[in-house]
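# Coordinate analysis (summary)
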Amino acid sequence: MTLTPLLRTRALTCLERLCQLGLLLGTAALIYGLTRRGWSALPQMLLGSLPAALALLFLWRAARASRQGNLSVIPREVALAGVALLAGQVVPALLPLVTADPLLLASSAGLLVFSSLPGVGLLAFAAVLNVTFQVLRDEELTV
Amino acid sequence: MTRSRRLLNALLPLLIVATVLILTVLGVLLIGDLLVLSYGDWPGVLTLPWTVVTFAGYWFLTLALVVAWRRGPLCSRVSSHLSRAGQWLFWSPLLLIPTVLGLDRLLTVRGWHTDSSQMHLPGESFSPDVLLSMVVSVTLPLLLMALSGWLDEGRASLDRQRTTI
């Protein structure tokens with residue numbers, strides 16, 4: 001096995017375990033938070049952690065699909081993870097629109113450029129995977 | 001041109017602008033760190049490793065994005081830059097924890113903290129949204145490394161197809 005497939009396999013295995021660990025730790029933190037702050041904090045905590053939890057879930061499914069060799073599923077799962085992260089960043093950043101405070105609006109627009117990078121990056125990632133897998137499929141058809 | 005290629009062509013300039021902005025901010029931080037360090041003050045030492053590692057990661061990421069925009073994602077330099085970016089950025093969130101803890105302690109020692117600005121880190125970092133965001137920020141560099149592997153495989157496949165033709 002050459003270096004690149006080895007690096008990719010290791011990264012994907014690590015990613016799969018990390019996603020599982022993250023989801024477990026997130027659940028534990030949610031229970032810990034509930035015991036400290038009470039049930040009234042549940043909706044706020046769920047809303048805050050839902051985008052990252054969904055992103056981890058989709059990334060876990062993508063890594064598992066990659067291990068199983070199911071290439072067609074991977075770009076879709078990565079794109080879904082990107083949409084989840086983007087929704088988690090864009091919705092809170094649009095809230096100042098309601099208040100229409102120009103200073104808040106400018107600061108949230110600036111923050112949005114930085115914070116939307118992971119979500120937009122994952123969408124571009126999915127597009128690159130689609131292009132790459134198309135090339136691999138073309139080779140299979142040619143053979 | 002396929003739909004994925006069109007989407008990629010639309011997203012790459014956005015990503016390049018965002019990463020260049022982040023690189024600029026990190027560059028200013030790096031210069032600030034070095035200036036503070038030259039005065040023999042502690043915060044520079046605390047934040048310098050994180051700033052250097054993150055700057056290097058974003059530097060390689062920006063290079064990969066620019067090359068992908070100009071020459072296409074299957075160029076050999078894209079995968080090598082992405083792999084390096086993934087390896088640098090993997091350490092960035094891991095270094096952030098001791099950096100924030102160190103800065104918090106330093107600010108407390110110097111008495112610059114007010115009650116409202118204090119971070120209360122153990123409780124804060126154990127809240128599910130912060131914890132999950134941290135795990136996501138560790139997983140994304142791993143994805144970059146995996147992507148560089150896929151790109152190498154795609155390029156090799158393209159080379160084989162050209163040779164066959």
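Residues numbered from 1 in each chain as written. Chains lettered and ligands numbered in written order. Predicted model: local features only at pLDDT ≥ 70, side-chain atom pairs only at ≥ 80, totals over all residues. Heavy atoms only, no water.

## Looking at the packing of aromatic side chains
Two descriptors summarise a pair of aromatic rings, namely the distance from one centre to the other and the angle between the planes of the rings. Quick note on the threshold: Ring pairs shown here join Phe, Tyr and Trp side chains whose ring centres sit within 6.5 Å, with only the six-membered ring taken for Trp; geometry is labelled stacked below 30 degrees between planes, edge-to-face above 60, and tilted in between. To qualify as a helix, a DSSP run of H or I must reach at least 4 residues; to qualify as a strand, a run of E must reach at least 2; elements of each kind are numbered from the N terminus. Relative accessibility thresholds used throughout: buried, under 20% of the residue-type maximum; exposed, over 50%; partly exposed, between the two (1.4 Å probe, protein chains only). Ring-over charges, as used throughout, are those where CZ of Arg or NZ of Lys falls within 6 Å of the ring centre and within 35 degrees of the ring normal.
Counting across every chain of the model gives 3 aromatic pairs over all chains. On the numbers, 6.5 Å between centres and 15° between planes, the contact of F55 of chain B with W59 of chain B is stacked. Placement of both F55 of chain B and W59 of chain B in helix 2 (residues 42–71) is noted, with a separation of 4 residues, approximately one turn of the helix. The class of F55 of chain B is partly exposed, set by a relative accessible area of 24%. Overall, the relative accessible area of 44% leaves W59 of chain B in the partly exposed class. A centroid spacing of 5.4 Å and a plane angle of 80° characterise the contact between F90 of chain B and W91 of chain B, whose relative ring orientation is edge-to-face. Above the plane of the ring of W60 of chain A lies R64 of chain A, whose end atom (NZ or CZ) is 6.0 Å from the centre.

## Here's the deal with the nonpolar core
Heads up, the rule is: In this description, a nonpolar core means a group of buried Ala, Val, Leu, Ile, Met, Phe, Trp, Tyr and Cys residues linked to one another through side-chain atoms lying within 4.5 Å. Contacts are residue-level and defined by heavy atoms, with any inter-residue pair within 4.5 Å sufficient.
One finds I74, V78, L122 and L129 of chain A together with Y58, L61 and L82 of chain B to be the most contacted residues of the largest nonpolar core, which totals 67 residues. Sorting the residues of this core by element identifies helix 1 (3–37), helix 2 (42–67), helix 3 (74–94) and helix 6 (117–142) of chain A together with helix 1 (3–38), helix 2, helix 3 (76–110) and helix 5 (128–164) of chain B as the ones contributing at least two each. Broken down by element, the residue count for this core peaks at 13 residues, all from helix 5 of chain B. Once residues within four sequence positions are removed from consideration, L122 of chain A is found in contact with L59, V78, A81, G82 and L85 of chain A together with L140 and L143 of chain B.

## A look at the interface of chain B and chain A
Rule in force here: Each of two parts loses accessible area, computed with a 1.4 Å probe, when they are put together; buried area is these two losses added. The working definition used for a salt bridge is a side-chain nitrogen of Lys or Arg within 4 Å of a carboxyl oxygen of Asp or Glu. N or O atoms closer than or at 3.5 Å make up a polar contact, with two conditions inside protein: a donor-capable atom paired with an acceptor-capable one, and, for residues adjacent in sequence, both atoms drawn from side chains.
Residue-level contacts link 46 residues of chain B with 50 residues of chain A. Carbon and sulfur atoms supply 85% of the area buried between chain B and chain A, which totals about 4200 Å² over both sides. It is L132, L143 and W150 of chain B that lose the most area in chain B upon contact with chain A, and together they represent 17% of the buried surface on that side. Across the contact surface, chain B and chain A share 0 salt bridges. Counting the contacts that link chain B with chain A gives 2 residue pairs in polar contact (both at pLDDT 80 or more). Looking at the side of chain B that touches chain A, the elements that each hand over two or more residues are helix 1, helix 3 and helix 5 of chain B.

## Considering the confidence of the model for chain A
Interpretation of this model should avoid reading the predicted coordinates in detail wherever pLDDT is low. As a reminder, the rule being used: The predictor reports its confidence for every residue as pLDDT, a score running from 0 up to 100.
Averaged over all residues, the pLDDT of chain A equals 82, while 89% of them reach at least 70. The lowest-confidence element of chain A is helix 4 (residues 96–99) of chain A, averaging 64 in pLDDT; the highest-confidence one is helix 2 of chain A, averaging 88.

## Some details on the pattern of salt bridges
Residues and elements named next belong to chain A. Counted by the stated rule, this structure contains 4 salt bridges over all chains. Of the charged contacts in the structure, one is a salt bridge between R61 and E77, with a shortest N-O distance of 3.1 Å. Of the two residues, R61 is situated in helix 2 and E77 in helix 3; the sequence distance between them amounts to 16 residues. The class of E77 is buried, set by a relative accessible area of 1%.

## Thoughts on a nonpolar patch on the surface
The condition that has to hold: Distance thresholds for patches are 9 Å for like charges and 5 Å for nonpolar side chains (Val, Leu, Ile, Met, Phe, Trp, Tyr), applied to residues having over 30% relative accessible area and no salt bridge. Every accessible area reported is derived by Shrake-Rupley at a probe size of 1.4 Å, with residue values counting cover from the shown protein chains alone.
On the surface, a nonpolar cluster with roughly 440 Å² of combined accessible area is contributed by V113 and F114 of chain A together with V17, L21, V25 and L29 of chain B. Those elements giving two or more residues to the nonpolar patch turn out to be helix 5 (102–115) of chain A together with helix 1 of chain B. With 4 residues, the top contributor of residues to the nonpolar patch is helix 1 of chain B. Tracing the backbone through its elements, the reader meets L29 of chain B in helix 1.

## Examining the state of the cysteines
Covalent bonding between the sulfur atoms of two cysteines defines a disulfide. All names here are of chain A. So the rule is basically this: By convention in this document, the label disulfide applies to cysteine sulfur atom pairs within 2.5 Å.
All told, the structure shown has 0 disulfides over all chains when counted by the stated rule. Of the cysteine sulfurs around C14, a residue in no disulfide, the closest is that of C19, at 9.7 Å. The partly exposed category is assigned to C14, whose relative accessible area is 35%.

## Considering the packing of helix 2 of chain A against helix 5 of chain B
Going by this rule: Here an axis means a line fitted to C-alpha atoms, over the contact stretch when the element is a helix, while the angle between two N-to-C directions is reported on a 0 to 180 degree scale. Any angle between 65 and 115 degrees counts as roughly perpendicular, while under 35 counts as roughly parallel, over 145 as roughly antiparallel, and the rest as oblique. Two helices that cross are described as forming a left-handed crossing if the nearer one is turned anticlockwise from the farther one by less than a right angle, and a right-handed crossing if clockwise. In this classification, Asp, Glu, Lys and Arg are treated as charged, Ala, Val, Leu, Ile, Met, Phe, Trp, Tyr, Cys and Pro as nonpolar, and every other residue, Gly included, as polar.
Interaxial distance between helix 2 of chain A and helix 5 of chain B falls to 9 Å at its minimum, and their mutual angle equals 25°. Of the possible angle classes, the one that applies to helix 2 of chain A and helix 5 of chain B is roughly parallel. Here the hand of the crossing between helix 2 of chain A and helix 5 of chain B comes out left-handed. For the pair helix 2 of chain A and helix 5 of chain B, the contacting residues are M45, G48, S49, A52, A53, L56, L59 and S66 of chain A in the first and P128, D129, L132, S133, V135, V136, T139, L140, L143 and W150 of chain B in the second. Here the residues of the contact of helix 2 of chain A with helix 5 of chain B sort into 12 nonpolar, 5 polar and 1 charged.

## Some remarks on the packing of helix 6 of chain A against helix 5 of chain B
At a minimum axis distance of 9 Å, the contact between helix 6 of chain A and helix 5 of chain B shows a crossing angle of 30°. Put simply, helix 6 of chain A runs roughly parallel to helix 5 of chain B. Relative to helix 5 of chain B, helix 6 of chain A is oriented so that their crossing is left-handed. Across from P118, L122, F125, V128, L129, T132, F133, V135, L136, D138, E139 and T142 of chain A in helix 6 of chain A, the residues of helix 5 of chain B making contact are L140, L143, L144, L147, W150, L151, E153, G154, S157, L158, R160 and Q161 of chain B. For the contact of helix 6 of chain A with helix 5 of chain B, the per-class residue count stands at 15 nonpolar, 5 polar and 4 charged.

## Concerning the side chain of T19 of chain B
Tracing the backbone shows T19 of chain B in helix 1. The class for T19 of chain B is buried, based on a relative accessible area of 0%. At 3.0 Å, the side chain of T19 of chain B forms a polar contact with the backbone oxygen of I16 of chain B. Filtering out sequence-adjacent residues up to four positions away, T19 of chain B remains in contact with L117 of chain A together with Y58, L61, T62 and L65 of chain B.

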